[in-house]
Amino acid sequence: MSTCAVCSAELQGDWKFCLSCGAPLAPSVPAAIRPTREPSEGRTFNLLAVIAIVLGVIGGPVAAIFGFVAARQIRQTGERGILLARLAIVLGIVWLVVWIGAITWILVSGAL
């Protein structure tokens, strides 16, 4: 049995951390779990998510469809832009409700 260098508690051979003080027993983190790059480095934004958010801002209900497709692609490829896709879905649904309300109002009021 060995002892912890920090708190001098007795340790078992297969422990990776001291149970008394929580100090790591290995001198460094193994390379297999050490990050080698920033999480966002090398990942690009999904182009469909960007198109969807632009459509959502200018008032297109089709932004919801583009957003759903972009979200699926992002989950499969690991690209960035899931927040853009979700926001485009919400904006597309809001615009769909606005368009349906406007068309209904025009038809009911007899403005045409």
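Below: a short report on this structure. (Residues numbered from 1 in each chain as written. Predicted model: local features only at pLDDT ≥ 70, side-chain atom pairs only at ≥ 80, totals over all residues. Heavy atoms only, no water.)

**Things to note about the nonpolar core**
Turning to step 1, where the next piece is worked out: Grouped together as the largest cluster of nonpolar side chains are six residues: L48, A49, A70, A71, I74 and A85.
Turning to step 2, where the next piece is worked out: For this core, the secondary-structure elements that each account for two or more residues are α1 (47–58) and α2 (63–77).
Turning to step 3, where the next piece is worked out: In terms of nonpolar packing, the next biggest core, distinct from the first, is built from five residues, C4, A9, L11 and A23 among them. (Core = buried A, V, L, I, M, F, W, Y, C linked by side-chain atoms within 4.5 Å. Buried < 20%, exposed > 50% of the residue type's maximum accessible area, 1.4 Å probe, protein only. Helix = DSSP H or I, 4+ residues; strand = E, 2+ residues; numbered from the N terminus.)

**Looking at α1**
Turning to step 1, where the next piece is worked out: Here α1 contains twelve residues, and its C-alpha end-to-end distance of 17 Å stays within 8% of the 16 Å for a straight helix at 1.5 Å per residue.
Turning to step 2, where the next piece is worked out: On its buried face, α1 is in contact with α2 and α3 (82–109).
Turning to step 3, where the next piece is worked out: By the N-cap criterion, in which a side-chain oxygen at the helix start approaches the backbone nitrogen of a residue two or three places on, α1 is capped by N46, the distance to L48 being 2.9 Å. (Expected span 1.5 Å × (residues − 1). Contact = heavy atoms within 4.5 Å. Polar contact = N/O pair within 3.5 Å; in protein donor to acceptor, adjacent residues only side chain to side chain.)

**What to know about the packing of α1 against α3**
Turning to step 1, where the next piece is worked out: Following both chains from N to C, one finds α1 and α3 inclined at 30°, their axes separated by 8 Å at the closest point. Here α1 is positioned roughly parallel relative to α3, judged by the angle of their axes. The way α1 lies across α3 gives a crossing that is left-handed. Here A49, V50, A52, I53, G56 and V57 of α1 lie close against α3, whose contacting residues are L84, A85, L87, A88, L91 and W95.
Turning to step 2, where the next piece is worked out: Here the residues of the contact of α1 with α3 sort into eleven nonpolar, one polar and no charged. (Axes fitted to C-alpha atoms, helices over the stretch in contact; angles between N-to-C directions. Parallel < 35°, antiparallel > 145°, perpendicular 65-115°, else oblique. Left-handed = near helix turned anticlockwise from the far one by under 90°. Nonpolar A, V, L, I, M, F, W, Y, C, P; charged D, E, K, R; others polar.)

**Considering the side chain of N46**
Turning to step 1, where the next piece is worked out: Along the chain, N46 falls in the loop between β2 (10–11) and α1.
Turning to step 2, where the next piece is worked out: N46 gets classed as buried once you look at its relative accessible area, which sits at 1%.
Turning to step 3, where the next piece is worked out: A polar atom in the side chain of N46 sits 2.9 Å from the backbone nitrogen of L48.
Turning to step 4, where the next piece is worked out: With residues up to four places along the chain from it excluded, the contact list for N46 reads A70, Q73, I74, E79 and R80.

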